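Listed below, chain by chain, are the residues.
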Amino acid sequence: MKILALSDQVVEHLYSPLVKERFGDVDLVVGCGDLPDYYLDYIVSMLNVPLTLVPGNHDLPTPSPDAEGEGEGGGTPRACGNIDGMVVEERGLLLAGLGGSIRYRPDGVHQYTQGGMARRILALAPRLWWNRLRYGRFLDILVTHAPPRGIHDAEDPAHVGFEAFNRFIARYRPRYLLHGHAHVYRHDAITITQVGPTTVINVYPYRVIDIEGRHAG
Ligand SMILES: [Zn+2]
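*Asks:* Describe in detail the overall build of the chain, supporting the description with residues and values.
*Replies:* The helix and strand tally for the chain stands at four helices and twelve strands. Burial statistics for the chain: of 217 residues in total, 39% are counted as buried. Considering only residue pairs separated by 6 or more positions, the chain has 65% of its internal contacts joining residues 24 or more positions apart.

So this is what it looks like as structure tokens:
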């Protein structure tokens, strides 16, 4: 099972017919935020696989579920595949999505205080426990935009990571936390960090993750 995870930057050779040759064996595309719809739509239609995504701090507000014509028309972000604030099952994988970044502007969308993100996680707890009872594990992958605190994050107001994510991985022990938001400018920058059983990966601008088959039971 292969995941193509993307974030923050359009990569030219993915936004081309070459994507089918290079990534034709990918089973699922995961968007970790701050990417244009046309790019994600192109890649999933070329690969003919499902898309799950969370919004980044530069994405437009998510339309409410009862809005007419979800994701259609000028500039409206796609609602389809958006797992922000949800726990879902996709291709046998249990995923949770927590988009957005730390709040650094009072009027910013998809921005949360440390306490605000902790409350969003609390809201996921019943479904995570249901997974634990049903599947014997809370989840496989936490999909986020921002990183945990102290892991691939930075000290400037917009790039501080969420402490609640550190607590999440300690408590719910996903196999992966996939995030974006932390742009990588240096070749020696650390982009993969192991925290207990969880591999924290900064997917910027893209990364293929090969996950061994997982069966419910
Ligand atoms: Zn961001």
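Back to the text.
*Asks:* Break down the pairing of strand β10 (residues 192-195) for me, citing the residues and quoting the values.
*Replies:* In regular strands, side chains alternate between the two faces of the sheet. One ladder, built from four bridges, connects β10 with strand β11 (residues 198-202); its direction is antiparallel. Within β11, the residue paired with Ile192 across the bridge is Ile201. Between β10 and β11, which pair antiparallel one after the other, the connecting turn spans two residues, and Gly196 there sits at a positive phi close to 60°.

*Asks:* Describe the pairing of strand β4 (residues 86-90), with residues and values.
*Replies:* Note that β4 and strand β5 (residues 93-98) share five bridges and pair antiparallel. Within β5, the residue paired with Glu89 across the bridge is Leu94. Taking the residues that link successive antiparallel strands as the turn, the β4-β5 hairpin has two residues, and the phi of Arg91 there is positive, at about 55°.

*Asks:* Give me the packing of helix α3 (residues 114-135) against helix α4 (residues 163-172): which residues, what numbers.
*Replies:* For the pair α3 and α4, interaxial distance at closest approach is 8 Å and the crossing angle is 25°. Between α3 and α4, the crossing angle belongs to the class labelled roughly parallel. Seen along the crossing, α3 lies across α4 with a hand that is right-handed. Contacts between α3 and α4 pair Gln114, Met117, Ala118, Ile121 and Leu128 from the former with Glu163, Ala164, Phe168 and Tyr172 from the latter. Per-class residue counts for the contact of α3 with α4 are seven nonpolar, one polar and one charged.

*Asks:* Describe unusual backbone geometry, with residues and values.
*Replies:* With omega at -15°, the peptide bond leading from Tyr204 into Pro205 counts as cis. Here Pro205 shows up in the loop between β11 and β12 (206-210). We note that His110 has phi near 55°; this positive angle belongs to a residue other than glycine. Here His110 shows up in the loop between β6 (101-102) and β7 (111-112). Classification of His110 as buried rests on a count of 22 C-beta atoms within 10 Å. Its identity as a non-glycine residue notwithstanding, Arg173 has a phi of 50°, on the positive side. Inspection of the secondary structure assignment puts Arg173 in the loop between α4 and β9 (176-179). For Arg173, a count of 14 C-beta atoms within 10 Å translates into the label partly exposed.

Cut-offs applied
Residues numbered from 1 in each chain as written. Predicted model: local features only at pLDDT ≥ 70, side-chain atom pairs only at ≥ 80, totals over all residues. Helix = DSSP H or I, 4+ residues; strand = E, 2+ residues; numbered from the N terminus. Buried ≥ 20, exposed ≤ 12 C-beta atoms within 10 Å, placed from the backbone. Contact = placed C-beta atoms within 7 Å. Pairing = 2+ DSSP bridges. Axes fitted to C-alpha atoms, helices over the stretch in contact; angles between N-to-C directions. Parallel < 35°, antiparallel > 145°, perpendicular 65-115°, else oblique. Left-handed = near helix turned anticlockwise from the far one by under 90°. Nonpolar A, V, L, I, M, F, W, Y, C, P; charged D, E, K, R; others polar.

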